[in-house]
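Chains, contacts and geometry: an overview
Okay, here's what each chain looks like letter by letter:
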Amino acid sequence: MGEQQTKKMALSLVQPSGDLTIGNYLGAIRNFVALQDEYTCFFGVANLHAITVTQKAADLRRRTREVLATFMACGLDPARTTLFVQSDVHEHAELAWVLNSITSVGQLQRMTQFKEKAATHADNLNSALLTYPVLMAADILLYQTDYVPVGEDQKQHLEFTRDTAERFNSRYSDTFKLPEPLMPKISARVMSLKNPQIKMSKSDPDENAYILIRDDADAIRRKIARAVTDSEYHFAYTEAQPGLKNLIDLYASFSGFTPQDVVEKFRDGNGYATFKAALAELIVEKMTPIRERFLQLMDDTAELDAIRAAGAEAASRVARRTLSKVYRKVGF
Ligand code: AQP
């Protein structure tokens, strides 16, 4: 008991909105693994968030299981860490409703991700796309979270969460802890392999833009070989060569080298081909054991179901405590 209470709380969720990419791995999941000993950890599958974009029910159900299996394949250990599915814990939706009542529409309309998604999903501009950050604030605040390990794209949502917590605390009384982001130093923002101006996203319509955690060695080699670079043929780590810079960052993240070390190692190579081939082999080496473990876990339905059920129970216990406090304060 003492240990649970003195350790700080870390929480993060991942959407089952597509097959997970190495962006999700390097920006988020790999960092979750490193936190397991130091913090009390809760990691979830954000299936409520995923329906802000149209999903086929069977695909969403399958991907929800796949995210759980990916968490474990990457090294999250259900004996030390709570792994859960967001829709199994009804408190998330209930707290989001309360937080909606203290959130201004203008603030939501100014969020970068809303503006981007509104542009790409103009045919399905549903109100959940607008209120997405409110649900994300509920996800985090329910667990009295200290740290949220996320990629850089989520920084603005985290600031929104802190604003919302402060507003509730000052309108009612001190209820929520203010969470801090935890971002990796390299690969906080892995860029698309086809357009290094935009981030690598699992819902990108071009499958060559990303490497999936479940991609096999041939797919990895093919996608790296086709990755956009430039025609400078000058091996340097600079904003002026964003495609190459992204690949150098990937090499640095997977190898533990600094980007400058990577430049030293490959600057005398013959064009970019030698570097690309070495990068592909490095990714294959690091991702193959994860992929194999993922495939094994997906075969064991009973184990995944048991982990999901235990996670739902553990998460609900914590979430219930915060929600009942909130309900009392607002007068329910
Ligand atoms: N390209 C990225 N680089 C670094 N980190 C990233 N993350 C996502 N893309 C990158 C981090 O992965 C975690 C889970 O993300 P998510 O699934 O909740 O949603 P997202 O950020 O919207 O991820 P995607 O892949 O871009 O999904 P879609 O295409 O469905 O919107 C988060 O911590 C995120 O920062």
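For the structure given in this document, a descriptive report is provided here. (Residues numbered from 1 in each chain as written. Predicted model: local features only at pLDDT ≥ 70, side-chain atom pairs only at ≥ 80, totals over all residues. Heavy atoms only, no water.)

Section: the overall build of the chain
- Within the chain, the secondary structure is distributed over 14 helices and five strands.
- The C-alpha atoms of the chain give 21 Å as radius of gyration, which agrees with the globular expectation for 332 residues (20 Å, within 12%).
- Counting all 332 residues of the chain, 51% fall into the buried class.
- Partitioning the intrachain contacts of the chain with sequence separation of at least 6 by distance along the chain shows that 76% fall at a separation of at least 24.
- Of the roughly 15500 Å² of accessible surface on the chain, 49% is carried by carbon and sulfur atoms.
- Each charge sign in the chain was given a centre, from 41 positive and 42 negative side chains, and these centres are 4 Å apart. (Helix = DSSP H or I, 4+ residues; strand = E, 2+ residues; numbered from the N terminus. Rg over C-alpha atoms; globule rule 2.2 N^0.38 Å. Buried < 20%, exposed > 50% of the residue type's maximum accessible area, 1.4 Å probe, protein only. Contact = heavy atoms within 4.5 Å. Areas by Shrake-Rupley, 256 points an atom, 1.4 Å probe, with all protein chains shown as cover. Lys, Arg positive; Asp, Glu negative; His and termini not counted. Charge placed at Lys NZ, Arg CZ, Asp CG, Glu CD.)

Some details on the site of the ligand
- Near the ligand there are 23 residues, and of these Ser17, Asp153, Ser201, Lys202 and Ser203 occur at the shortest range.
- In the model, an oxygen atom of the ligand is placed 2.5 Å from a nitrogen or oxygen of the Asp153 side chain.
- Here an oxygen atom of the ligand sits 3.1 Å away from a polar atom, N or O, in the side chain of Gln154.
- Notes on the ligand: free accessible area 640 Å², of which the protein chains cover 97%.
- At four residues, the largest contribution of residues to the shell around the ligand is made by helix 2 (residues 22-35).
- For the shell around the ligand, a count of residues per class yields seven nonpolar, eleven polar and five charged. (Near = heavy atom within 4 Å. Polar contact = N/O pair within 3.5 Å; in protein donor to acceptor, adjacent residues only side chain to side chain. Nonpolar A, V, L, I, M, F, W, Y, C, P; charged D, E, K, R; others polar.)

With respect to helix 7 (residues 112-120)
- Residues Gln113, Phe114 and Ala118 constitute the buried set of helix 7. Each buried residue of helix 7 lies within a common arc of 130° when the element is viewed along its axis, so the set occupies one face. Turned more than 90 degrees away from the buried face of helix 7 sit Ala119 and Thr120, all of them exposed.
- Tucked into the core, helix 7 has its buried residues touching helix 6 (105-109), helix 8 (127-141) and helix 9 (155-171). (Arc of directions from axis to C-beta.)

Concerning the packing of helix 4 (residues 57-73) against helix 13 (residues 273-299)
- Packing of helix 4 against helix 13 brings their axes to within 9 Å, and their N-to-C directions diverge by 130°. The pairing of helix 4 with helix 13 is recorded here as oblique in orientation. Considering only the axes of helix 4 and helix 13, their crossing is right-handed. Between helix 4, through Arg62, Arg65, Glu66, Ala69, Thr70, Met72 and Ala73, and helix 13, the contact on the second element is made entirely by Ile290, Arg293, Phe294, Leu297 and Met298. (Axes fitted to C-alpha atoms, helices over the stretch in contact; angles between N-to-C directions. Parallel < 35°, antiparallel > 145°, perpendicular 65-115°, else oblique. Left-handed = near helix turned anticlockwise from the far one by under 90°.)

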